[in-house]
Amino acid sequence: MLIVENASGGYTGEEVVKDISFSVEKGEFFGILGPNGSGKTTLLKMISGLLNLDKGKIEIDGKSIGAYSKKELAKRIAVLPQLSPQVFPYTVKEMVSLGRYAHHSGLFQKWTKQDEEIVQKVMKQTNIQDFQNTSVMEHSGGEQQRIFLAQALVQNPQILLLDEPTNHLDLAYQKELLDLLRKSARNEGLTVIAILHDLNLASLYCDRLLLMEDGKARAIENPDEVLSEELIKHVYRTEVIKQPHSRVAKPQLHLMPGKRDEKLAKDIYINESQLSISREKIVLQAETPLKTVSSGVVGSGFGWYKNFVNRHVDETYYCVDHRKEMREYLSEKGFRPNQTVGMMTAVNLEDNSYGEYQGDGFSVMVVVTAGIGAAVDGTKSKPIVGPVNAGTINTWIFINGNLTEEAFIQSIITATEAKAQVLREMGIKDKKTNTVATGTPTDSILIAATQQGKKLDYAGTATELGAIIGKAVYEEMKQAILNYQKRKATAKSNGSIG
Ligand SMILES: Nc1ncnc2c1ncn2[C@@H]1O[C@H](COP(=O)(O)OP(=O)(O)OP(=O)(O)O)[C@@H](O)[C@H]1O
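Each value, and the rule that gives it
- Residues numbered from 1 in each chain as written.
- Predicted model: local features only at pLDDT ≥ 70, side-chain atom pairs only at ≥ 80, totals over all residues.
- Domains from an automatic or database assignment.
- Helix = DSSP H or I, 4+ residues; strand = E, 2+ residues; numbered from the N terminus.
- Buried ≥ 20, exposed ≤ 12 C-beta atoms within 10 Å, placed from the backbone.
- Pairing = 2+ DSSP bridges.
- Axes fitted to C-alpha atoms, helices over the stretch in contact; angles between N-to-C directions.

1. Some details on the domain arrangement of the protein
Looking at the assigned domains, one finds that the protein contains domain 1 (2-255) and domain 2 (264-494). Look at where the C-alpha atoms of domain 1 and domain 2 centre, and you get two points 52 Å apart.

Below, the structure written as structure tokens:
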């Protein structure tokens, strides 16, 4: 529908846009990105017919934009310019209604029922209906942005051009505006071309992106391709980290702050002096957050956490919302849930075993609590309906080193293999199947690293880190199970329940 071919142009004596070619389909949401001064607004002005081309052509539906009369072009293209402070002596509704001008045949054409309907519909969509009779000047930048968007939408264009439309909007209205634009693109075939500075919003909403650099098209592709770390670093001269969005299949970019935070810059080292053990809980408190991956009741997945709590609960513990209950427990005990990984176990915490293991330029500390009363053979287990026995094997692995995400995941594999080997060697069986157990139904693990010091790319068993994790988990798990068995045996010979 829109074709830009070898377009060049700009202002007298200065070619700003240089030889750009792309096309945009009907119903597409097309984003234009680029650093300040790269020519985005100039390109948008060329598309809207405000600036003439020096070279090349721009066509809508096969016809050059220069061949359309102003009014004909206004029926096809509406523009939402960058908001600038100006005096608007109109009410909100009057301002929006000006957008219908392109559809009127003469200056004095009567206001029709259709005009009224579309104005009301769009004011409702843009959430400005309630203040339609107030003066435009009374409103905040964000509200004015929505008023001008409504004015552009009532024009009922085929193509909507927007220059930084989310600029003055708060988070909720940014989402609302972009949702509305995407819906209009999908459902009504509106072609949306928007200059966006927020690369993450562009990733979430745009079908394709044009990345401009010094007036040229540096890339025209889908967001995943355009938002590559290398390309963004090159064009914006800024270091970014690309990560997948946690809920949708779109990339997001994280800025790397130039100067490290004072506290982060401090050297941290995890060792047993930060551990405190009581009958009620085992706690490790780090001075600064550690990068963690865990299956904790609280703080699961990847995150940065300072507090690690393994809490003893009664064997009969049952709670409909155990996550909520655990968060409440942590708060009560003075741990901020957002900074804490919390696990539970019915195992006697005195049976724990922990130890530090030195590697070449890094070290590992492992803390294990293990109860094997509910041991299962994971290859033959069946889903449990109803409350699950809270007796479990909880494994904590702290690493004084700088791990890749790959190394975090490999650490879990290596530790799990070591656990299975301990159970096999100790002849611990699944009581139901009478086969060797591989764990318990509710085992939990955490890997937490300081992300300082030696770079540790891998943690498979072929690496030094993997070998140390394997050995550390093997030894501490074995000891924890021996402690557990010993206490059970003593309790039995004393005739009491352990
Ligand atoms: N009216 C004008 N007359 C002359 N030069 C201009 C005019 N408007 C912009 N320029 C110049 O054209 C270049 C590109 O400006 P443009 O506004 O297109 O960039 P942009 O990518 O939209 O930037 P920003 O992200 O800052 O909005 C700049 O060097 C600017 O100084």
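There is more to say after this.
2. Section: unusual backbone geometry
Of note in this structure, Asn-156 is not a glycine but carries a positive phi near 55 degrees. Mapped onto the fold, Asn-156 is located in the loop between helix H5 (141-154) and strand S7 (159-163). Residue class for Asn-156 comes out partly exposed when judged on the 18 C-beta atoms lying within 10 Å of it. A positive phi angle is found at Asn-434, which is not glycine, with a value near 55 degrees. Position of Asn-434 relative to the elements: it lies in the loop between strand S21 (429-430) and strand S22 (435-436).

3. Some words on the sheet that holds strand S8 (residues 191-195)
With respect to topology, six strands assemble into an open sheet ordered S6-S7-S8-S3-S9-S10, the strand pairing being mixed. Each edge of the open sheet carries a strand with a single partner, namely strand S6 (77-80) and strand S10 (216-221). Across this sheet, the average inter-strand angle for adjacent strands is 15 degrees, counted without regard to direction. The sheet contact formed by S7 and S8 spans five bridges and is parallel. Bridged to Leu-161 within S8 is Ile-193.

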